[in-house]
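Next come the chains, spelled out residue by residue.
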2 protein chains.
Amino acid sequence: MEARKFVFLFEEGRAQDRELLGGKGANLAEMTRIGLPVPPGFTITTEACIAYAEGGDEFLRGLMGDVMRALHSVEERVGKAFGRAENPLLVSVRSGAAVSMPGMMDTILNLGLNDETVEGFAVATGDRRFALDCYRRFIQMFGDVVLKIDHAKFEEILESHKVRRSIEHDVELDEEALWQVVGDYKELVERETGAVFPSDPSEQLFLAIRAVFRSWDNPRAKIYRQIHKIPDDLGTAVNVQAMVFGNMGADSGTGVVFTRNPSTGEREIYGEYLPKAQGEDVVAGIRTPQPIGKLAEDMPEVYEELLRVCHTLEEHYGDMQDIEFTVEGGRLYLLQTRTGKRSAAAAVKIAHDLVAEGVIDRREALLRVEPEQVARLLHRTVDPSSRTDAIARGLPASPGAACGVAVFDADRAEEIAADGRKVILIRPETTPDDIHGIVASEGVLTSRGGMTCHAAIVARGMGKPCVVGCREITIDLEGRSFSVGDTVVREGDLISIDGSSGEVMLGEVRLIDPQLTQEFKVLLEWADEIRRLGVRANADTPEDARKSRQFGAEGIGLCRTEHMFMAPDRVPVVQEMIMAETEEERRAALDKLLPLQRGDFEAILEAMQGLPVTIRLLDPPLHEFLPNLEELLVDITRMKAAQEAGQTIDRELLAEKEDLLRKVRALVEFNPMLGHRGCRLGIVFPEIYEMQVRAIYQATADLLERGVDARPEVMIPLVGHAAELKILKDMVERVAREVMEERGVEIPCVVGTMIEIPRACLTADEVAEEAEFFSFGTNDLTQTTFGFSRDDAEAKFLHHYLHQKILEENPFAVLDRDGVGELLRIAVEKGRRTRPDLKVGICGEHGGDPSSIAFCHQIGLDYVSCSPYRVPVARLAAARAALES
Amino acid sequence: MEARKFVFLFEEGRAQDRELLGGKGANLAEMTRIGLPVPPGFTITTEACIAYAEGGDEFLRGLMGDVMRALHSVEERVGKAFGRAENPLLVSVRSGAAVSMPGMMDTILNLGLNDETVEGFAVATGDRRFALDCYRRFIQMFGDVVLKIDHAKFEEILESHKVRRSIEHDVELDEEALWQVVGDYKELVERETGAVFPSDPSEQLFLAIRAVFRSWDNPRAKIYRQIHKIPDDLGTAVNVQAMVFGNMGADSGTGVVFTRNPSTGEREIYGEYLPKAQGEDVVAGIRTPQPIGKLAEDMPEVYEELLRVCHTLEEHYGDMQDIEFTVEGGRLYLLQTRTGKRSAAAAVKIAHDLVAEGVIDRREALLRVEPEQVARLLHRTVDPSSRTDAIARGLPASPGAACGVAVFDADRAEEIAADGRKVILIRPETTPDDIHGIVASEGVLTSRGGMTCHAAIVARGMGKPCVVGCREITIDLEGRSFSVGDTVVREGDLISIDGSSGEVMLGEVRLIDPQLTQEFKVLLEWADEIRRLGVRANADTPEDARKSRQFGAEGIGLCRTEHMFMAPDRVPVVQEMIMAETEEERRAALDKLLPLQRGDFEAILEAMQGLPVTIRLLDPPLHEFLPNLEELLVDITRMKAAQEAGQTIDRELLAEKEDLLRKVRALVEFNPMLGHRGCRLGIVFPEIYEMQVRAIYQATADLLERGVDARPEVMIPLVGHAAELKILKDMVERVAREVMEERGVEIPCVVGTMIEIPRACLTADEVAEEAEFFSFGTNDLTQTTFGFSRDDAEAKFLHHYLHQKILEENPFAVLDRDGVGELLRIAVEKGRRTRPDLKVGICGEHGGDPSSIAFCHQIGLDYVSCSPYRVPVARLAAARAALES
């Protein structure tokens with residue numbers, strides 16, 4: 001251990017030594033190394049912190065020799081001496097781990113002051129009041145963070161002196177008063193610790209370093225590391241640096257700059273500057289900082305130097321920097337530099353521009369932009385400056401923000417929207433009967449339901465913002481209002497919702513429109529060059545299809561057909577089909593649906609011409625198209641009660657309702673998610689699927705005749721056994737052949753299956769005998785693999801699981817690699833064993849999640865499919881996955 | 001091909017040649033070989049059938065040389081000649097594949113007759129009318145099965161002759177009439193086929209053999225083979241055999257005997273005998289056969305010979321035989337022998353006795369008894385002689401038969417049962433409020449629900465017969481009756497249900513009590529010597545525990561705790577617990593449950609002393625303990641309607657009901673199967689599980705103090721992630737430690753998990769870090785792996801799947817090896833990789849299914865656990881699995 005070097009002067013380190021010196025220390029060393037003006041100092045390594053955990057105080061005492069030697073070197077550089085009465089050297093002591101971590105001891109300033117040195121410091125600065133105030137603050141800071149004396153006790157003493165002198169602000173305390181405060185502080189320390197305040201600067205330094213080391217193992221830091229899986233043996237470094245003072249007269253000051261605009265990404269220096277001040281004053285907020293331009297006026301040479309420094313640092317690090325600086329007596333000092341945080345828009349522009357400037361290459365640029373971040377560019381967002389406090393919060397069911405007047409039923413929503421006003425539809429939950437209201441609205445808010453409730457699915461499908469399951473609001477449908485606590489929102493009141501955060505806000509907030517800037521487009525083209533994964537979109541309408549093409553989708557990976565059944569003009573026919581008692585009656589209703597479905601498919605296939613469109617046959621259980629059982633039950637009970645009370649009622653209506661109730665009861669299921677849906681419908685009612693398949697191939701034939709290159713692929717949902725797929729594939733091929741013969745055209749017949757049942761993964765070798773492609777429906781596969789009903793889990797226990805860290809992530813948002821991912825791996829491996837050219841994609845919501853996309857890349861999928869708005873995210877994520885693998 | 005031998009005289013074959021000669025041919029050869037009196041004949045091999053499929057008629061023409069040579073050999077043996085006018089040889093032609101198969105051509109008798117030979121045959125038999133009748137029958141049979149002429153057309157001709165002569169029965173037709181019929185038949189054949197009826201016996205034989213060969217590929221046989229996975233290239237053999245006539249005078253006759261009593265297994269010859277008759281006459285049912293004893297009176301020597309033959313055949317085949325014989329002119333001929341079908345009781349007794357007699361060994365005896373068959377011995381069954389037609393049929397939810405008076409509510413059931421009358425409880429569906437009624441009843445019948453509805457679970461748990469989901473009955477609760485079509489059953493009417501078949505019968509049927517005979521016990525002991533798998537029982541009550549011990553269970557593999565929560569005296573406390581708004585209130589209610597649970601566990605652990613008892617912590621979602629939402633909704637709607645109509649109502653009651661409705665609504669789930677249940681309850685409400693664990697260890701401490709060797713094992717249900725198990729295992733160990741310290745005892749703390757979620761299987765290596773045992777809950781695992789809600793699947797689409805043969809078996813009855821089984825394999829392999837001594841069992845219903853048990857043996861499970869009544873089945877099945885592997 002003796003041989004190891006634990007103390008590094010800033011001149012001795014470099015940026016790459018981050019693990020050894022911590023982030024802050026490594027950057028200070030790097031800046032020193034490349035000749036930038038950094039107040040001299042040194043770093044005690046993270047290894048010393050770990051050695052301390054074993055060797056304790058004895059180790060640290062031994063280390064102090066090295067520390068003092070380093071300090072002498074600093075003394076020489078600055079021409080001051082630590083602990084000497086005349087022109088004493090004061091230092092700051094800061095912790096700095098490789099990763100930043102809350103709960104760690106942070107900073108002690110002005111270390112080295114005592115009753116003697118404070119007077120020398122007073123002489124050197126020419127301001128005794130300032131020196132005494134530094135002394136007071138030093139004792140308070142040291143007492144708090146090193147000696148663990150309750151901060152409030154110091155504040156009490158300070159307060160009592162202000163009261164005694166009837167003054168309001170700290171700055172009004174004069175030298176005598178400050179001297180008394182210092183005395184009282186020292187008494188407090190003695191009382192609390194049983195020892196006098198350490199006046200020896202070396203002892204102060206020893207204690208401060210020890211406090212940093214110890215804070216590595218305080219409970220808060222430990223828990224944080226546990227949660228974030230940060231190893232315990234990383235340790236933190238300690239930076240000891242000569243103090244500089246931005247408040248030493250008119251030619252001093254302090255500030256923070258970004259090397260580019262962090263909001264827009266424009267190449268311009270951006271930041272704040274406070275003359276005659278220290279960093280602490282900025283934090284205290286007593287004075288308002290000036291824009292950085294003020295520095296150019298006050299000290300043009302310093303400003304010029306700062307511009308040069310910004311340029312140097314940005315070029316050196318190859319990225320936009322966030323820099324802290326201080327000017328002391330007309331001299332610029334750099335106290336910190338780090339990669340600057342930036343908005344999504346800025347991230348895109350900076351990455352693009354740095355390539356244009358030759359600073360980084362395209363691959364590096366792609367790694368600079370977080371896909372999740374750019375997702376924000378693709379929805380309307382709330383302008384942060386106009387955001388108001390949320391009055392309630394629900395589940396963020398469909399991203400984007402929207403404003404409008406509150407409306408509580410679908411018909412009214414349509415009426416008011418027809419008047420040209422924007423509307424937010426608010427319902428306990430929505431049903432197919434509300435579709436026209438959703439269409440007419442800017443966004444939807446429900447008090448019940450989960451991420452897969454009707455409102456959520458429909459809104460996501462339409463790309464409308466939606467907040468569901470907002471249990472805090474109580475809706476009074478009759479009174480056309482909702483309330484949260486004392487707040488009541490009535491029909492016509494303006495409200496705003498943010499479907500990305502789940503927030504509900506009063507009034508109208510300003511919205512920022514999504515934008516695909518030129519730079520963003522260029523970046524995505526670079527991504528396309530690099531990625532191996534294809535990117536398709538989940539789209540059910542021609543509008544969505546067109547949108548996804550604009551966003552760069554290479555096909556439709558999931559075109560759901562159930563929303564076509566839910567259109568308000570079709571629900572009666574669909575209900576007729578369901579209520580049919582015989583196959584004949586059912587076929588009659590289906591005959592009415594056929595031309596409508598054909599129209600749907602024709603429009604979508606035309607919008608996507610030249611690209612594949614994977615159409616999934618009907619998936620949801622039939623009872624989803626019928627009225628709500630509870631409502632029927634209440635209606636019937638009411639009518640019967642009226643009848644019993646001797647009132648006349650519409651007997652025919654009652655009989656009709658009772659009939660409907662019987663059918664609903666017959667269809668209602670205990671666990672609809674695991675019920676009679678997907679291909680199970682196609683097996684039991686083949687005529688439904690036949691109608692859909694006929695519509696698909698008729699539409700294709702129409703298009704081909706018009707010279708439009710339509711490319712349908714038929715996807716059978718919820719297959720669990722190869723035999724299901726075999727039967728339905730035979731049916732598809734038979735019907736397709738019939739249409740081809742009727743129309744005299746040839747259409748390639750591509751049939752595959754959605755893999756969303758564990759059994760299908762486990763027997764993928766058999767399923768692949770029948771399937772030309774697999775598309776993983778990871779929403780349902782996650783439900784079955786975990787045994788989680790998504791709606792129930794999110795409402796009842798998933799938050800506990802995330803809170804208790806049983807699960808790291810919501811598995812419906814980020815693909816669970818160990819469980820669901822293992823099934824995907826098995827399915828890909830077995831499927832390709834049977835059919836080496838099997839095309840495999842994913843069309844669950846995970847298809848738009850960057851981490852999940854990376855996994856899809858790893859296991860060799862051919863494409864991902866996601867909502868139109870996430871196509872750019874997926875293109876970027878796919879490129880990054882290729883770069884990182 | 002020339003080199004192959006296609007025709008085997010009976011003297012040339014043996015029993016082992018079944019594949020080549022078919023079952024019938026091989027047994028005829030075997031009997032011939034060991035010197036028994038079989039009419040001579042020969043077999044054309046199955047290979048010839050396959051060769052015919054390729055070579056067609058040309059091949060068969062070539063083969064006829066061999067056939068005729070074999071026929072000459074037969075002629076020599078019997079001293080008759082085929083096709084000769086004087087004393088002609090007549091033969092039968094029968095198909096005989098290795099496995100019997102419907103749709104195959106079966107039999108042609110009397111082949112060889114024509115206008116000439118019939119006269120010779122008349123002379124030989126001395127009965128011209130009989131000879132002509134044989135001729136008529138031969139043409140009809142040949143025309144039907146070989147020439148494919150509609151059977152009805154022959155019947156028409158016959159009928160017209162009877163009408164013309166005003167006679168009623170065929171036997172009244174005289175020689176002349178028969179001769180005319182023969183003429184008309186031949187005309188019909190010529191009209192239908194365009195060719196005269198083949199009079200050349202060799203041509204007749206050629207055509208008959210060809211018809212058998214061709215029938216192998218008829219559509220019905222092909223589909224049957226496809227469904228039963230019988231290879232298409234097996235082929236069928238053809239048996240050609242000299243006719244013998246049991247109707248050739250007083251010293252002739254025909255009969256069927258079993259070598260032992262097929263009902264009881266007693267060692268006695270058992271069968272029927274019809275003097276002066278042929279087999280056909282027995283089938284026609286014109287005369288009633290005599291018991292076999294009659295033969296002893298009529299022809300004592302023949303009878304003695306038959307006894308000797310029976311003994312020889314039984315000893316030779318080592319099993320009870322089913323023998324067809326004919327006596328012609330005082331001579332005994334054997335026409336067929338095969339292994340005799342027998343009742344469950346007989347199967348057990350015969351297997352046991354054959355060992356005692358030294359005919360077979362113990363291992364062979366175990367292979368002779370089908371486990372599924374003996375299951376029938378373990379429940380009360382309907383005496384077949386008293387079975388009446390079912391008026392309705394539901395799902396067979398809990399096996400066994402029961403009779404009693406129909407009662408339509410639980411309170412009445414209790415009252416009437418208290419009067420000493422047997423009761424069948426009939427409800428639309430049951431709830432926890434009905435438990436006392438179920439307890440009081442002999443059996444339960446519901447019109448709704450599936451195999452896992454409340455009634456089904458509770459009844460199975462109690463071992464009471466139960467039929468659920470009997471949709472054909474319409475229950476009128478107010479009228480205390482149910483109806484099926486025109487039949488109305490009122491309270492007090494006697495009915496019977498059979499929970500093994502799902503049948504509902506009017507009136508009282510006689511029941512047969514289950515019996516564990518001495519022979520059965522001995523057989524099971526032999527099974528215990530051989531099996532490797534342990535056998536435990538699923539039992540929730542001390543009674544079930546005792547019963548399962550009697551049946552030989554080696555522990556309890558699944559003790560569910562929810563039924564304890566459902567006991568009528570506890571439901572209010574459980575509801576109090578659920579309605580609690582704070583953890584404190586919940587704990588108060590749990591404190592009341594603690595002593596009750598402790599009592600439950602103490603009784604069960606004591607009953608099973610010395611054996612392990614795996615106790616599963618609470619599993620079902622809490623809303624299962626609350627009243628039904630719909631009923632509440634109707635009540636509230638009614639009360640409100642009354643209020644609106646100006647009536648006075650109990651406002652407090654309304655408020656209470658509304659409160660309850662709110663709670664039910666808050667708890668109700670979209671998919672309860674995938675909802676907030678199992679360990680998810682334990683994570684969110686740890687106090688519930690803590691109470692249960694405390695009760696388990698307190699009960700154990702009490703028992704140990706009393707010197708009772710109690711061995712609890714705690715099982716955490718529905719684990720999907722190792723972290724869930726870790727948290728709960730830590731809790732179990734902590735609470736157990738607390739109890740041990742309070743009580744000053746040491747109790748081994750065994751904690752494991754139920755594996756019933758695919759994710760648990762896929763991550764079994766991680767789960768095994770925390771689990772000392774796995775117990776596969778294959779009911780839920782089947783639901784999640786298939787994505788089938790059992791209740792919904794069985795009601796809505798599973799029958800379609802079984803009917804269309806998409807699934808071979810109901811996966812809830814027979815473990816699906818490819819899907820669910822694959823997950824089991826993965827879990828065993830990964831689990832034991834982490835923990836080589838991991839104990840692995842199965843406690844789903846599959847644990848009592850023989851085929852599933854065989855699979856459990858194959859993949860190396862340690863034990864199976866099943867309902868008490870199936871323990872003997874499992875012991876036997878486990879032994880057979882060991883023998884067969």
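Chains are numbered independently. Their residues run from 1 in the order of the written sequence. Whichever chain is written first is A, and whichever ligand is written first is 1; the rest continue in order. Per-residue local features of the predicted model are confined to residues with pLDDT of at least 70, and side-chain atom pairs are confined, for both listing and counting, to 80 or more; whole-chain, interface and lining totals are unaffected and use all residues. Side-chain numbers here rest on the full set of heavy atoms in the structure, without hydrogens or water.

Colleague: Hey, could you run me through the overall build of chain A in this one?
Modeller: Across its full length, chain A carries 35 helices and 31 strands. With the C-alpha coordinates aligned to their principal axes, the bounding extent of chain A is approximately 105 × 70 × 55 Å. Expressed as a percentage of the 885 residues in chain A, the buried residues total 58%. By the convention used here, residues are in contact when the closest approach between their heavy atoms is within 4.5 Å. Once local pairs closer than 6 in sequence are excluded, the contacts in chain A between residues at least 24 apart make up 68%. Neither His nor the chain ends is counted toward charge; the positive residues are Lys and Arg and the negative residues Asp and Glu. Taken as the charge centre is NZ of Lys, CZ of Arg, CG of Asp or CD of Glu, depending on the residue. Looking at chain A, you have 103 positive and 149 negative side-chain charges, and the mean spots of the two groups are 1 Å apart. Only DSSP runs of H or I reaching four residues or more are called helices, and only runs of E reaching two or more are called strands; each is numbered from the N terminus. Only protein chains enter the accessibility calculation, which uses a 1.4 Å probe; a residue whose area is less than 20% of its type maximum is buried, one above 50% is exposed, and one in between is partly exposed.

Colleague: Could you clarify how one ought to interpret the relation of the copies chain A and chain B in this entry?
Modeller: Relating one copy of the chain to the other requires a rotation about an axis plus a shift along that axis. Residues reaching a pLDDT of at least 70 in both copies supply the C-alpha atoms on which the copies are superposed by least squares. Of the transformation placing chain A onto chain B, the axial shift is 0.1 Å and the rotation is 179°, giving an RMSD of 0.4 Å. Viewed as a symmetry operation, the transformation between the two copies matches a two-fold axis. Taken together, the interface assignments show that 100% of the residues at the interface of chain A recur at the interface of chain B, consistent with an identical surface on both copies.

Colleague: Hey, could you run me through the sheet that holds strand S6 (residues 253-258) of chain B in this one?
Modeller: The strands that make up a sheet are held in pairs by hydrogen bonds between backbone atoms, and each pair lies either parallel or antiparallel. All names here are of chain B. A strand pair is defined by DSSP finding two or more bridges across the two strands. Here 5 strands make up an open sheet; going across it, the order is S8-S7-S6-S9-S10 and the pairing antiparallel. Looking at which strands have only one partner, the edges of the open sheet turn out to be strand S8 (290-291) and strand S10 (331-339). Where S6 and strand S9 (residues 321-328) come together, 6 bridges link them in antiparallel fashion. Its bridge partner being in S9, Gly 255 is matched across the sheet by Phe 325.

Colleague: Whenever I open this one, the sheet that holds strand S3 (residues 91-97) of chain B confuses me. Can you help?
Modeller: Residues and elements named next belong to chain B. Taken in spatial order, the 5 strands of this open sheet run S1-S2-S5-S3-S4, and their pairing is antiparallel. Of all the strands in the sheet, the pair left with one neighbour each is strand S1 (7-9) and strand S4 (107-111). The mean inter-strand angle of the sheet, taken between neighbouring strand axes irrespective of direction, is 20°. When S1 meets strand S2 (residues 41-44), the two strands line up antiparallel, connected through 3 bridges. Bridge pairing links Val 7 to Ile 44 in S2. Lines fitted to C-alpha atoms define the axes, with helix axes restricted to the stretch in contact, and inter-axis angles between N-to-C directions lie between 0 and 180 degrees.

Colleague: It is not clear to me how helix H19 (residues 542-550) of chain A should be interpreted in this structure. Could you clarify?
Modeller: Among all positions in H19(A), only Pro542(A), Asp544(A), Ala545(A) and Ser548(A) are buried. Viewed along the axis of H19(A), the buried residues span an arc of 160°, placing them on a single side of the element. Starting at the helix axis, one direction is taken to each C-beta atom, and the arc is that of these directions.

Colleague: Before we go on, may I ask you to explain the packing of helix H2 (residues 46-78) of chain B against helix H7 (residues 201-215) of chain B in this structure?
Modeller: Any two packed helices are characterised by how steeply their axes cross, that is the angle between the axes, and by the distance between the axes. Residue and element names in this part refer to chain B. The geometry of H2 relative to H7 is characterised by a closest axis approach of 10 Å and an angle of 145° between their N-to-C directions. Handedness of the H2/H7 crossing: right-handed. The segment H2 lies against H7, with Ala 48, Cys 49, Tyr 52, Asp 57, Leu 60, Arg 61, Met 64, Val 67, Met 68 and Leu 71 engaging Ser 202, Glu 203, Leu 205, Phe 206, Ile 209, Arg 210, Phe 213 and Arg 214. Left-handed is the label given to a crossing in which the near helix is rotated counterclockwise from the far helix by less than a right angle, and right-handed is the label when the rotation is clockwise.

Colleague: What should I look at first to understand the nonpolar core in this one?
Modeller: Buried together is how nonpolar side chains tend to be arranged in soluble globular proteins. To form a nonpolar core, buried Ala, Val, Leu, Ile, Met, Phe, Trp, Tyr and Cys residues must be joined to one another through side-chain atoms within 4.5 Å. Counting 330 residues, the largest nonpolar core has Ile716(A), Phe776(A), Ile716(B) and Phe776(B) as the members making the most contacts within it. With near-sequence residues (within four places) excluded, Ile716(A) lies in contact with Leu617(A), Cys679(A), Leu725(A), Leu728(A), Val732(A), Val751(A), Gly752(A), Thr753(A) and Met754(A).

Colleague: Please clarify how the interface of chain A and chain B should be interpreted in this entry.
Modeller: Contacts between the two partners involve 57 residues from chain A, matched on the other side by 57 residues from chain B. Carbon and sulfur atoms make up 59% of the area that chain A and chain B hide from each other, which totals about 5,300 Å². Once two parts are brought into contact, the accessible area they lose, counted with a 1.4 Å probe and summed over both, makes up the buried area. Looking at the side of chain A facing chain B, the largest losses of area belong to Phe670(A), Leu674(A) and Arg759(A), adding up to 12% of the total buried there. The term salt bridge refers to a side-chain nitrogen of Lys or Arg lying within 4 Å of a carboxyl oxygen of Asp or Glu. Here chain A and chain B share 8 salt bridges between them.

Colleague: Where do I start with helix H15 (residues 410-418) of chain B in this structure?
Modeller: Each turn of an α-helix holds 3.6 residues, which means side chains three or four residues apart point in the same direction. Residues and elements named next belong to chain B. Regarding H15, the residues found buried are Ala 410, Ala 413 and Ile 416. Take H15 and look down its axis: the buried residues cluster within an arc of 125°, on one side only. Considering only its buried residues, H15 is in contact with strand S14 (401-407), strand S15 (423-427) and helix H16 (435-440). Between the side-chain oxygen of the N-cap and the backbone nitrogen of Asp 411 there are 3.0 Å, and the N-cap of H15 in question is Asp 409. Where H15 ends, the next residue or the one after it, Gly 420, has phi of about 85°, a positive value. Identification of polar contacts relies on pairs of N or O atoms within 3.5 Å, with a donor-acceptor requirement for protein atoms, meaning one able to donate a hydrogen and the other able to accept it, and with residues adjacent in sequence counted only if both atoms are side-chain atoms.

Colleague: Is there a simple way to think about the pairing of S2(B) in this case?
Modeller: Two faces, one strand: in a regular strand the side chains alternate between the faces of the sheet. All names here are of chain B. Neither face of S2 is open: one carries Gly 41 and Thr 43, the other Phe 42 and Ile 44, and all of them are buried. Pairing geometry for S2 and strand S5 (residues 236-242), over 4 bridges, is antiparallel. Within the sheet, the bridge partner assigned to Thr 43 lies in S5 and is Asn 239.

Colleague: Explain the pairing of strand S14 (residues 401-407) of chain A here, please?
Modeller: All names here are of chain A. For S14, the tally of buried residues reaches 7 of 7 residues, placing the bulk of the element in the interior. Bridging between S14 and strand S21 (residues 494-498) involves 5 bridges; their strand directions are antiparallel. Bridge assignment links Ala 402 to a residue of S21, and that residue is Ile 497. Bridge count between S14 and strand S15 (residues 423-427): 3 bridges; the pairing is parallel. In the sheet register, Val 407 faces S15, and the bridge partner there is Leu 425. With helix H15 (residues 410-418) bridging S14 and the parallel S15, this β-α-β connection has right-handed handedness. The definition of a right-handed crossover adopted here requires that, viewed with the strands pointing away, the path from the first strand over the helix to the second runs clockwise.

Colleague: When you look at the packing of aromatic side chains in this model, what are you seeing that I'm missing?
Modeller: Any aromatic ring pair is given by two values, namely how distant the centres are and how the planes are angled relative to each other. Here is the rule: rings of Phe, Tyr and Trp (six-membered ring for Trp) pair when centre to centre is within 6.5 Å. Planes less than 30 degrees apart are stacked, more than 60 are edge-to-face, and the remainder are tilted. Considering all chains together, one arrives at 32 aromatic pairs over all chains under this definition. Judged by centre distance (4.9 Å) and plane angle (80°), the rings of Phe154(A) and Tyr185(A) are edge-to-face. With a gap of 31 residues between them, Phe154(A) in helix H5 (residues 151-164) and Tyr185(A) in helix H6 (residues 175-193) connect regions that are remote in the sequence. Overall, the relative accessible area of 0% leaves Phe154(A) in the buried class. The interplanar angle of 40° and the centroid separation of 5.9 Å between the aromatic rings of Phe121(B) and Phe130(B) together place this pair among those described as tilted. By relative accessible area, Phe121(B) is classed as buried at 3%. Members of the aromatic cluster, joined through ring pairs, are Phe786(A), Phe788(A), Phe797(A) and Tyr801(A). By definition, being over a ring means that NZ of Lys or CZ of Arg is both within 6 Å of the ring centre and within 35 degrees of the ring normal. The ring of Phe206(A) has Arg61(A) lying over it, and the distance from NZ or CZ to the ring centre is 3.6 Å. When the ring centre of Trp216(B) is taken as reference, the NZ or CZ atom of Arg225(B) above it lies at 3.8 Å.

Colleague: I keep staring at the pattern of salt bridges and nothing clicks. Help me out?
Modeller: Where charged atoms from two side chains of opposite charge approach closely, those side chains can pair. Residues and elements named next belong to chain A. Under the defined criterion, the tally for this structure stands at 151 salt bridges over all chains. Two residues, Lys 294 and Asp 298, come together in a salt bridge whose shortest N-O distance is 2.8 Å. Residue Lys 294 and its partner Asp 298 are located together in helix H10 (residues 293-298), separated by 4 residues, close to a single helical turn. Across the salt bridge formed by Asp 619 and Arg 616, the nearest N and O atoms sit 3.9 Å from each other. Taken together, the shared-partner salt bridges in this structure form one network comprising Glu 583, Arg 587, Glu 690, Arg 694, Arg 734 and Glu 738.

Colleague: Just to check I follow, could you spell out the confidence of the model for chain A for this structure?
Modeller: As a general rule, the predicted coordinates of low-pLDDT regions are not to be interpreted in detail. Residue-level confidence of the predictor is what pLDDT reports, using numbers from 0 through 100. Here chain A averages 92 in pLDDT, while 98% of its residues score no lower than 70. Interface scoring of the predicted complex returns ipTM 0.81; its pTM is 0.82.

Colleague: Which parts of the structure should I look at to understand the environment of Ser95(A)?
Modeller: Residues and elements named next belong to chain A. Locating Ser 95 in the fold gives a position in strand S3 (residues 91-97). For Ser 95, a relative accessible area of 9% puts it in the buried group. Along the backbone, Ser 95 and Gly 22 are 73 residues apart, and their C-alpha atoms lie at a distance of 8.4 Å.

Colleague: How do you make sense of the environment of Ala459(B) when you look at a structure like this?
Modeller: Residue and element names in this part refer to chain B. The topology assignment puts Ala 459 in helix H17 (residues 454-462). On the basis of relative accessible area, Ala 459 is assigned to the buried category, the value being 0%. Distance from Ala 459 to Ala 397, taken between C-alpha atoms, is 8.1 Å for residues 62 residues apart in sequence. Ignoring any residue separated from it by four or fewer positions in sequence, one finds Ala 459 in contact with Ser 398, Lys 464 and Cys 466.

Colleague: I tried to follow the side chain of Glu770(B) on my own but got confused; where do I start?
Modeller: Residue and element names in this part refer to chain B. Relative to the helices and strands, Glu 770 resides in helix H29 (residues 764-770). For the buried Glu 770, no salt bridge exists, and the shortest N-O distance to an oppositely charged side chain is 4.1 Å, to Lys 729. With sequence-adjacent residues up to four places away left out, Glu 770 is seen in contact with Ala 722, Leu 725, Lys 726, Lys 729, Val 751 and Arg 835.

Colleague: Could you clarify how one ought to interpret unusual backbone geometry in this entry?
Modeller: Excluding glycine, residues mostly have negative phi values, and the peptide bonds linking residues are mostly trans. All names here are of chain A. Phi is positive for Ser 166, which is not a glycine, with a value near 50°. Mapped onto the elements of the fold, Ser 166 is located in the loop between H5 and H6. Judged by relative accessible area, which is 67%, Ser 166 ranks as exposed.

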